[in-house]
Amino acid sequence: MSLSLDATQLDRYSRHIIMDEIGPEGQARLLDSRVLVVGAGGLGAPVIQYLAAAGVGTIGIVDDDTVERSNLQRQVIHADSDVGTPKVESAAAFVADLNPDITVESYDTRLSKANAEEIITDYDLVVDATDNFPTRYLVNDVCRLAGIPVSHGAIYKFEGQVTTLVPGGPCYRCLFPEAPAAGTVPDCASTGVLGVLPGTVGCLQATEAIKVLLETGEPLVGEMLSYDAMALSFERVPYRPRADCPICGDDPVDSIDGIEYSEGCRVGGADTASR
Ligand SMILES: [Zn+2]
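Residues numbered from 1 in each chain as written. Predicted model: local features only at pLDDT ≥ 70, side-chain atom pairs only at ≥ 80, totals over all residues. Heavy atoms only, no water.

**Q** Sorry if this is basic, but what is going on with the coordination of the zinc ion here?
**A** Looking at the zinc ion, the protein donor atoms are C171 (SG), C174 (SG), C245 (SG) and C248 (SG), and they sit 2.2 to 2.3 Å from it. The site at the zinc ion holds 4 donor atoms, and with the angles between them running 90 to 123°, its shape is tetrahedral. For the zinc ion, all donor residues lie on one chain, and their spacing in sequence is C-x2-C-x70-C-x2-C. What makes C245 buried here is its relative accessible area of 3%. C248 gets classed as partly exposed once you look at its relative accessible area, which sits at 24%. (Donors = N, O, S within 2.8 Å, 3.2 Å for Na, K, Ca; no water. Tetrahedral: all angles 85-135°; square planar, octahedral: opposite > 155°, others 65-115°. Buried < 20%, exposed > 50% of the residue type's maximum accessible area, 1.4 Å probe, protein only.)

Rendered as structure tokens:
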């Protein structure tokens, strides 16, 4: 019954293995899985932490930032001694210390139209832990065209959103056909965020990722879970596929070549005047 698991792994993952819903087969499947986490910040931190602890065997991490002291209020895989080091480096060191079973593939770069297909299509599932609309649409589009599921999360002050995007279900563009206009949505840096909020939302994203990898339970497909930390309330809002969706509708594009990923919806940067 041990499959490919060694004695140390049988011990490490024993609380997974004793459950019928996972078992040694499910654990072996997690160890064989490849998940890409886009963003090693507030959402990425708990996602990386729990996927590594759960034994997701290969974790790709994309981020071009360095650790700043103002990150530490919420980005719990980075420590004070990491300030000034690349987040992918700090994240990889955290994972190595937590679980030597895990292979980390680091991309110290910003996910862009030029590199997204090459990086993403090597993975079984992508966790969208980004903080901006252009990257969310880019992740959605590349993943859907390649048939890769996405665990999506977003945070704003005291509120969070989670949804799971799988082939056959509606995509992020079906939910939000257009990004908010430039200047209408502030980012974390300019508005602040409750430190524990991304912990809650990231843990939900990690839960969904593991369910999809194990093909168990009911993933949050075609519904957006909306979380209000102030009221401590959760609400599920259904959404449908759109026939006119350019990515998953009746007449989809066959590549991202013609799509523009504008940075204009980011607020607080110097480029707010760009389209
Ligand atoms: Zn769509």
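On we go.
**Q** How should I be thinking about the side chain of D128 in this particular structure?
**A** Tracing the chain through its elements places D128 in strand 4 (residues 125–128). Buried and unpaired, D128 has R136 as its nearest opposite-charge partner, separated by 4.7 Å. Within polar-contact distance, the side chain of D128 engages the side chain of H152 at 3.1 Å. (Helix = DSSP H or I, 4+ residues; strand = E, 2+ residues; numbered from the N terminus. Lys, Arg positive; Asp, Glu negative; His and termini not counted. Salt bridge = Lys/Arg side-chain N within 4 Å of Asp/Glu carboxyl O. Polar contact = N/O pair within 3.5 Å; in protein donor to acceptor, adjacent residues only side chain to side chain.)

**Q** It is not clear to me how the nonpolar core should be interpreted in this structure. Could you clarify?
**A** Among soluble globular proteins, nonpolar side chains are generally buried collectively. V35, V37, I48, L51, I59 and V127 are the most contacted members of the largest nonpolar core, which totals 38 residues. Contributions of two or more residues to this core are made by strand 1 (34–38), helix 4 (44–54), strand 2 (58–62), helix 5 (87–98), strand 4, helix 10 (197–214) and strand 7 (223–228). In terms of residue count, helix 10 provides more of this core than any other element does, 8 residues in total. Residues contacting V127, with those up to four places away along its chain left out, are V35, L36, V37, V38, V47, L51, S151, Q205 and A209. Y137, V142, C143 and I148 belong to the second-largest nonpolar core, a separate cluster that totals 30 residues. (Core = buried A, V, L, I, M, F, W, Y, C linked by side-chain atoms within 4.5 Å. Contact = heavy atoms within 4.5 Å.)

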